[in-house]
Amino acid sequence: MKSGFTRAAIAAALTFGLAACGDATNSEGETAEAAKPKERIVVENARLVLPAVAGNPAAGYFDLTYMSGGGPVIESITVEGAGSSEIHAVDMIDGMMKMDKAAPISLMARTPVKFEPGGYHVMAMKPADTLKAGGKTNMTIKLSNGEEATVPLDIKAAGDER
Ligand SMILES: [Cu+2]
């Protein structure tokens with residue numbers, strides 16, 4: 001991880017956050033000073049599971065909690081080192097597990113949304129060779145209200161516990 005890049009990203013996020021929440025308080029009446037956007041988007045247990053076959057997509061799983069109100073929608077989630085990233089849901093269709101792009105996911109205050117095997121996940125298409133089991137990469141979550149957070153993902157091998 002290049003620390004220069006990380007510092008730049010944090011600085012950018014803070015600048016962006018101030019611009020995003022300077023014009024209004026949210027539905028719970030919290031002020032911009034009460035919680036910075038980066039702290040309002042809480043991500044736990046974040047991991048990226050590599051594919052069994054090189055070149056196939058990797059899958060990102062985590063618990064996401066939004067600590068404020070307003071019910072923003074997840075606009076995008078991108079994984080560093082992937083060619084592209086999509087938010088997927090798994091559904092049972094005619095007794096078969098099928099996955100496809102998820103319908104917009106809105107975040108209720110302090111209610112965790114689980115991205116987990118068999119449910120929501122982030123499909124990281126065309127993962128780069130630089131993503132190796134035991135390493136880390138970053139994931140950026142953007143919300144419809146302009147808030148965003150970049151958090152680390154632990155990289156796991158296909159056979160590891162998910
Ligand atoms: Cu998928």
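Here, the structure is the one placed above.
Residues numbered from 1 in each chain as written. Predicted model: local features only at pLDDT ≥ 70, side-chain atom pairs only at ≥ 80, totals over all residues. Heavy atoms only, no water.

Side note on the coordination of the copper ion
Donor atoms from the polypeptide that coordinate the copper ion comprise His88 (ND1), Met99 (SD), His121 (NE2) and Met123 (SD), at 2.1 to 2.7 Å from the metal. Taken together, the four donor atoms coordinating the copper ion span angles of 96 to 119 degrees at the metal, a pattern that classifies the geometry as tetrahedral. Mapped onto the sequence, the residues coordinating the copper ion show the spacing H-x10-M-x21-H-x1-M. Taken as a pair, His88 in strand E4 (residues 82–93) and Met99 in strand E5 (residues 96–101) lie far apart in primary sequence, 11 residues in all. Note on Met99: relative accessible area 43%, which makes it partly exposed. (Donors = N, O, S within 2.8 Å, 3.2 Å for Na, K, Ca; no water. Tetrahedral: all angles 85-135°; square planar, octahedral: opposite > 155°, others 65-115°. Helix = DSSP H or I, 4+ residues; strand = E, 2+ residues; numbered from the N terminus. Buried < 20%, exposed > 50% of the residue type's maximum accessible area, 1.4 Å probe, protein only.)

A short note on the packing of aromatic side chains
Within this structure, the stated rule accounts for two aromatic pairs. Measuring from centroid to centroid gives 5.6 Å for Phe115 and Tyr120, while their planes differ by 35 degrees, and the two rings are tilted. Here the aromatic cluster, defined as three or more aromatic residues joined through ring pairs, consists of Phe62, Phe115 and Tyr120. (Phe/Tyr/Trp six-rings, centres within 6.5 Å; stacked < 30°, edge-to-face > 60°.)

Some remarks on the pattern of salt bridges
The full count for this structure, using the stated rule, is four salt bridges. For Lys101, the salt bridge goes to Glu86, with nearest N and O atoms at 3.9 Å. Residue Lys101 is located in strand E5, and its partner Glu86 is located in strand E4; the two are separated by 15 residues in the primary sequence. In this structure, Lys136 and Asp154 form a salt bridge, with 2.5 Å as the shortest nitrogen-oxygen distance. Here Lys136 is found in strand E8 (residues 136–143), whereas its partner Asp154 is found in strand E9 (residues 148–156), with 18 residues between them in sequence. Judged by its relative accessible area of 35%, Asp154 falls in the partly exposed class. (Salt bridge = Lys/Arg side-chain N within 4 Å of Asp/Glu carboxyl O.)

Focus: the pairing of E8
Along any regular strand, the residues point their side chains to alternate faces of the sheet. Counting buried residues in E8 gives six out of eight residues, a clear majority hidden from the surface. With five bridges connecting them, strand E3 (residues 74–79) and E8 associate as antiparallel partners. Paired with Ile77 across the two strands is Ile141, which belongs to E8. When E8 meets E9, the two strands line up antiparallel, connected through seven bridges. The residue of E9 that forms the bridge with Lys142 is Glu148. Hairpin connection from E8 to E9: four residues lie between these consecutive antiparallel strands, with Gly146 at a positive phi of about 90 degrees. (Pairing = 2+ DSSP bridges.)

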